[in-house]
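Each chain, letter by letter, is given below.
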Amino acid sequence: MRDIRLIVGAVGLSAIGDGLLWLLLSFHIGATTDSAFAVAALFVCLWGPVVVLGGVAGRIVDTHENRRLLIGVSLAQAAVVVAMAFSTGSLPVLLGLCLLLGSGVAVASPAEFALVPAAAGEARVAQANGHVEAARYLGMTAGPLLGGLLAGAGGTQVGLLIDAASFLAVAGAGIALHARRDPQATRRAAKAEGGGREVLLADRTLAVTLTAAVGALLFFTISVTADPFFATDVLGTGATGYGVLMTAWMLGMVAGAVGLARLIPARWLAVGALAGVAVQGAGMLGAAVGATMALALAGFLVGGLAHGTKNVLLRTLIHERVPEASRGRAFAAYNAARNGAELAALGAGGVIVGLAGAQLALAVAGAVPLGIGVVTLLVITAPATRRRPVYA
C-alpha cells in the first residue's frame, strides 16, 4: 500500500494546488480586467486542453512509462506556474501559460489513474479509487480556502509559488514510486486498437453508463453557476450559507468515496453508478424545490454522497472493463468528455440564471440528471438484458 499512499498524497496535493491557482487567478484577473469574459477565458484555457488533447494524451500515456511521465510533466508544470508568478501583469501571457498547464493535466491525470492498479493491485482497485477520489475532494476544499486567504492578503504571487511547490512534491512522489506500467505491451496494443473513445464504446456497459454520466453533467454542472445566487437570492443566507452548502456537498462526496462506494459489489458497478447519477440529481432538485436552508442542506449532503460514490464506481468500472494496455486512452477520453460537458454547462448556466433565476436553474440541474439516471437504470436492468447482464 506504500505506492497507493504516494499516489493518494500526490492527487491530494495536486488538487490543493489546482484549487489555489483557480481561485487566485480568477480573483486577480477579475480585479485587474473587470471582465467576466477574461475570467471565463481563464477556465477555458485551463480545462480546454483536456478536451482537445484527449486522444493525443491517451496515446502518450499508453506508449510511455507512466511514472516517468508523471515526474516529467509535474516538473514542467512547476516551471510553468513559477513563470505565472512573475507574469501576473500580462493577461495574454497568463492565458498562454494556462494553456500549457492544462496540456500537462491532459497527460498527468490519465497517467495517475492508469498507475492505480499497478500500485494497489487489481484486487484492491475499488478501495484505492475511493481513497484517491477522497483526497481529490479534500484538496479541492482546502485549496480555495487557502487561496481566499492569500487573495485577501494580496498574496497572489506567493500563492502561485506554493502551487509550484505542490507540483514539485508530486514529482517527488513519482520518484519514490516503485510501481511501473510497462510501455512495451501497451505500444503494441495502441497500434492495434483505436482511440480512447472507441475503446470505451466497444464495451456496451461502459458505453451506456458513461454516456449517461457525461450527458447528466451537461445539465448538472449548471449548478456551479447557480449555487451562489441560490444561496444569496433564494435562501437569503449570503456567502456564509453558500459556504455551508458547499461544505455539506464536499463532506458527502468524501463519505461516498471512502465509505459507500466500497460496499457496491463489482457486478453492480454500472447500476450503482447510474443510481448515483439519479440520486445526485434528486438531491439537487430537492434543494431547489424546498427552497429552505434545512432542505437545501439535506439535499446537498445526499447529492454529494451520491456524487462521490458515482465517481469512484465509474473509475473502477473503467479499470475493470478496459484492458490494461488501453487504460491511458480510456481515462483520457473520459476526462475529455467530462470536461467538455462541464465547460458547456458552465456557459449554459450563466444564461439560464440570467434569464430564469437561480432556483429554476438549480431545478433543471437536478431534474434532468434524475431523469437520465432513472431511464438508463430501466434500460440497463430491463428483462431483455438480464439473460446477458450488461452490468456483470
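Structure: see above.
An account of the accompanying structure is given in this report.

The rules we used
Residues numbered from 1 in each chain as written. Predicted model: local features only at pLDDT ≥ 70, side-chain atom pairs only at ≥ 80, totals over all residues. Heavy atoms only, no water. Bend = angle between axes of the 7 residues up to and from the residue. Helix = DSSP H or I, 4+ residues; strand = E, 2+ residues; numbered from the N terminus. Buried < 20%, exposed > 50% of the residue type's maximum accessible area, 1.4 Å probe, protein only. Contact = heavy atoms within 4.5 Å. 1 Å grid on protein atoms, 1.4 Å probe; cavity = no way out; pocket = protein on both sides within 12 Å on 5 of 7 lines; lining within 4 Å. Points joined across faces, edges and corners; volume = space filled by probe spheres on them. Nonpolar A, V, L, I, M, F, W, Y, C, P; charged D, E, K, R; others polar. Expected span 1.5 Å × (residues − 1). Arc of directions from axis to C-beta. Salt bridge = Lys/Arg side-chain N within 4 Å of Asp/Glu carboxyl O.

## Structural notes on helix H11 (residues 222-234)
Next up, step 1: At proline 228, H11 is deflected by roughly 30°, the largest bend along its length.
Next up, step 2: Burial in H11 covers these residues: Ile222, Ser223, Thr225, Ala226, Asp227, Phe230 and Ala231.
Next up, step 3: Contacts made by the buried residues of H11 are with helix H10 (204-220), helix H12 (238-260), helix H13 (269-290), helix H14 (293-321), helix H15 (327-356) and helix H16 (358-380).
Next up, step 4: Just downstream of H11, glycine 236 is the residue with a positive phi angle, here 70°.

## Describing empty space enclosed by the protein
Any space left empty among the atoms is revealed by the rolling of a water-sized probe across them.
Next up, step 1: Overall, the coordinates contain one cavity of 30 Å³ or more when judged by the stated rule.
Next up, step 2: Within this model, the largest cavity holds a volume of roughly 40 Å³.
Next up, step 3: Forming the walls of the largest cavity are Leu6, Ile7, Ala10, Leu70, Glu112, Ala173, Gly174 and Leu177.
Next up, step 4: At the level of secondary structure, the elements contributing two or more residues to the lining of the largest cavity comprise helix H1 (2-33) and helix H7 (156-176).
Next up, step 5: If you tally residues by element for the lining of the largest cavity, the top one is H1, at three residues.
Next up, step 6: Of the residues assigned to the lining of the largest cavity, the class counts are six nonpolar, one polar and one charged.

## Focus on unusual backbone geometry
Next up, step 1: Notably, alanine 291 is not glycine yet its phi reads approximately 55°, a positive angle.
Next up, step 2: Residue placement: alanine 291 occurs in the loop between H13 and H14.

## What about H7?
Next up, step 1: The first and last C-alpha atoms of H7 sit 31 Å apart over 21 residues, in line with the 30 Å expected at 1.5 Å per residue.
Next up, step 2: Among the residues making up H7, those that are buried are Thr156, Gly159, Leu160, Asp163, Ala164, Ser166, Phe167, Val170, Ala171, Ala173 and Gly174. Looking straight down H7, one finds its buried side chains confined to an arc of 165°; they lie on one side.
Next up, step 3: Of the surrounding secondary structure, the elements contacted by the buried residues of H7 are H1, helix H4 (66-85), helix H5 (91-120) and helix H6 (125-152).

## Quick notes on the layout of surface pockets
Next up, step 1: Quantified by volume, the second largest pocket comes out at close to 310 Å³.
Next up, step 2: Around the second largest pocket, the lining comprises 17 residues; the ones closest to its centre are Arg197, Leu200, Ala333, Tyr334 and Ala337.
Next up, step 3: Secondary structure elements with two or more residues in the lining of the second largest pocket: helix H3 (54-63), helix H9 (196-201), H10 and H15.
Next up, step 4: Counted by class, the lining of the second largest pocket contains nine nonpolar, five polar and three charged residues.

## Some thoughts on the environment of alanine 176
Next up, step 1: Mapped onto the secondary structure, alanine 176 falls in helix H7.
Next up, step 2: As for alanine 176 and arginine 67, which are separated by 109 residues in sequence, their C-alpha atoms are 9.6 Å apart.
Next up, step 3: Sequence-distant contacts of alanine 176, defined by excluding residues within four places in its chain, comprise Arg2, Asp3 and Leu6.

## Quick notes on the pattern of salt bridges
Next up, step 1: On inspection of all chains with the given rule, the structure shows five salt bridges.
Next up, step 2: Glutamate 133 is the salt-bridge partner of arginine 136, the closest N and O atoms lying 3.5 Å from each other. Residue arginine 136 and its partner glutamate 133 are both found in helix H6; the two are separated by three residues, about one turn of the helix.
Next up, step 3: Its relative accessible area of 1% is what places glutamate 133 among the buried residues.
Next up, step 4: Two residues, aspartate 203 and arginine 321, come together in a salt bridge whose shortest N-O distance is 3.0 Å. Taken together, the residues aspartate 203 in the loop between H9 and H10 and arginine 321 in helix H14 connect sequence positions 118 residues apart.
Next up, step 5: Residue classification places aspartate 203 among the buried residues on the basis of a relative accessible area of 15%.
Next up, step 6: One continuous salt-bridge network, built from bridges that share partners, spans Glu133, Arg136 and Arg315.

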